Amino acid sequence: MKKALITGITGQDGFFLSRWLLGVGYDVHGFIRRNSAASLGNLHALNQDELDRLTIHWGDVTDHTIVDTVVREGQFDEVYHLAAQSFVSASFTNPSLTYKTNIEGTLNFVNAIKEYSKHTRFYFAATSELYGKVQQTPQDERTPFYPRSPYGVSKLAGFWTVKNYREAYQLFMSNGILFNHESEHRGKEFVTRKIAQAVAHLAKGGTEPLLIGNLEAKRDWGFAGDYAKGMWMILQHGFADDFVLATGENHSVREFVTEAFRVVQMEIVWQGEGTQEIGVNPKTGNTLVAIDPQYFRPAEVDTILGNYTKAKTLLGWHPSVTFPELVKRMVEAEMERS
Ligand code: NAP
Ligand code: G4F
């Protein structure tokens, strides 16, 4: 039986990856930082049998002493390093924490593997935020990077750390350059989950409008379950490498909002401009969406679009959920929750 460690297992991707690895027969271990509630986050969505089969190690990725111990004693076949300060917006207000968690946390794991567990295959959660102010469209593994946030810069350092350890010490260390992927387990502060929640609230008679930032930003949004499987496929490949996972299609935040209202059979019309723009229900005249400048970022990634040809050709990976299916899934989950 293969043995894998997942850092960031309580997050969105940690849930889908642990479910996938348990499903294909792995002995799955999770690395979780302590919080006062001893909360397991998204792992609560696993069933009891899945939870019983998990082994938890309590630790923070910035503490190299516990990272060394877990890696040395665990002798894992695979380590999936997903733990990060992953919210771009928070990286502008907490840049130091973002660098510490995302750079030092990654260095701690690759170095522990180099010192104590050379056979371990390592996956790093890199990101399309590396492309930031895009230098070519669509973006693939050869596109130059231009990060636009402390988060993007920290992940760029992580990406190169992984590549450098791979080349310098002949270790199996791969980067997944994943474009945005979403689900009903997405953190509530990310725009897709925030929209889905607000639309469900309004569809059920709520009156508080969705307060949002940049409606024009475009993202290449896929379903997180597909991307978790892709992480595993990256580590099953014959050699370590870097792979883009994306859908090859992008949509604006505005399109996501419109599609979400369509799911609950509500129409929205847009009036006004700039920060005065609002989205209105044409039947009632009620405001459904308004702009709140607090959600604009000091520097924005205006548009990203991935080319996943390499992953398709070498790994046989492809996304399985379309944009309308993804929005429907997220809005319906919120309708059931609220
Ligand atoms: P997420 O839901 O925000 O999960 C982040 C995880 O990291 C949580 O389990 C969190 O634990 C853990 N963590 C944060 N700081 C930690 C620390 N100091 N020590 C230990 N654990 C820590 O993120 P996600 O959406 O699942 O994304 C997974 C990874 O992929 C992240 O590295 C993210 O940057 C990257 N990524 C995500 C996307 C995307 O679209 N989702 C795209 C590209 C790359 P708590 O539960 O305690 O907070
Ligand atoms: O949902 P977001 O916060 O995701 P973002 O910034 O694209 O980052 C996510 O995807 C990355 C992959 O490219 C990951 F690496 C990263 O960890 C994270 O998972 O914002 C998406 C877009 C942005 O352009 C933002 O300015 O939506 C825009 N937006 C507009 N109004 C908003 C809002 N974003 C948030 N979070 N909240 C708003 O009210």
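Fair warning: this is a prediction, and the values are worked out from it, not measured in the lab.

Reading guide: rules and limits
- Residues numbered from 1 in each chain as written.
- Chains lettered and ligands numbered in written order.
- Predicted model: local features only at pLDDT ≥ 70, side-chain atom pairs only at ≥ 80, totals over all residues.
- Heavy atoms only, no water.
- Core = buried A, V, L, I, M, F, W, Y, C linked by side-chain atoms within 4.5 Å.
- Buried < 20%, exposed > 50% of the residue type's maximum accessible area, 1.4 Å probe, protein only.
- Domains from an automatic or database assignment.
- Helix = DSSP H or I, 4+ residues; strand = E, 2+ residues; numbered from the N terminus.
- Contact = heavy atoms within 4.5 Å.
- Pairing = 2+ DSSP bridges.
- Axes fitted to C-alpha atoms, helices over the stretch in contact; angles between N-to-C directions.
- Near = heavy atom within 4 Å.
- Polar contact = N/O pair within 3.5 Å; in protein donor to acceptor, adjacent residues only side chain to side chain.
- Areas by Shrake-Rupley, 256 points an atom, 1.4 Å probe, with all protein chains shown as cover.
- Nonpolar A, V, L, I, M, F, W, Y, C, P; charged D, E, K, R; others polar.
- 1 Å grid on protein atoms, 1.4 Å probe; cavity = no way out; pocket = protein on both sides within 12 Å on 5 of 7 lines; lining within 4 Å.
- Points joined across faces, edges and corners; volume = space filled by probe spheres on them.

A. Region of the structure containing the nonpolar core. Counting residues in each nonpolar core, the largest one holds 65 residues, and the members touching the most others are L21, Y80, Y123, I195, I212, V257 and F261. Here this core gathers at least three residues from each of two domains, domain 1 (3-183 + 220-250 + 304-320) and domain 2 (191-216 + 252-300). If you look at the next biggest cluster of nonpolar residues, it comprises 30 residues, including V61, V67, F159 and Y165.

B. Expanded view of helix α3 (residues 64-74). Here α3 has its buried residues at V67, D68, V70, V71 and G74. Each element contacted by the buried residues of α3 is listed here: β1 (3-7), β2 (27-32), β3 (55-58) and α5 (95-116).

C. View of the sheet that holds β3. With respect to topology, seven strands assemble into an open sheet ordered β3-β2-β1-β4-β5-β6-β11, the strand pairing being parallel. Unpaired on one side and paired on the other, β3 and β11 (242-245) mark the two borders of the sheet. Between one strand and the next, the sheet's axes are offset by a mean angle of 20°, whatever the strand orientation. Looking at chain direction, strand β5 (residues 121-127) and strand β6 (residues 173-178) are connected through six bridges and run parallel. Bridge assignment links Y123 to a residue of β6, and that residue is S174.

D. Local environment of the site of ligand 1. The immediate surroundings of ligand 1 are formed by 23 residues, with T10, L82, S86, Y151 and K155 found nearest. Note that an oxygen atom of ligand 1 is positioned 2.5 Å from one of the side-chain N or O atoms of T10. Between ligand 1 and D60, the relevant distance is 2.9 Å, taken from a nitrogen atom to a side-chain nitrogen or oxygen of the residue. Starting from 900 Å² of accessible surface for ligand 1 in isolation, the protein chains cover 87%. Per-element tally for the shell around ligand 1: the top contributor is β5, with three residues. The class makeup of the residues in the shell around ligand 1 is nine nonpolar, nine polar and five charged.

E. The arrangement of empty space enclosed by the protein in detail. Inspection of the entire model under this criterion finds one cavity of 30 Å³ or more. Its boundaries defined by the atoms lining it, the largest cavity holds a volume of some 30 Å³. As for the largest cavity, its lining consists of V88, E129, R148, S149, R219, R297, A299, E300 and V301. Classifying every residue of the lining of the largest cavity gives three nonpolar, one polar and five charged. Lining the lining of the largest cavity are residues from two domains, each supplying at least three of them: domain 1 (3-183 + 220-250 + 304-320) and domain 2 (191-216 + 252-300).

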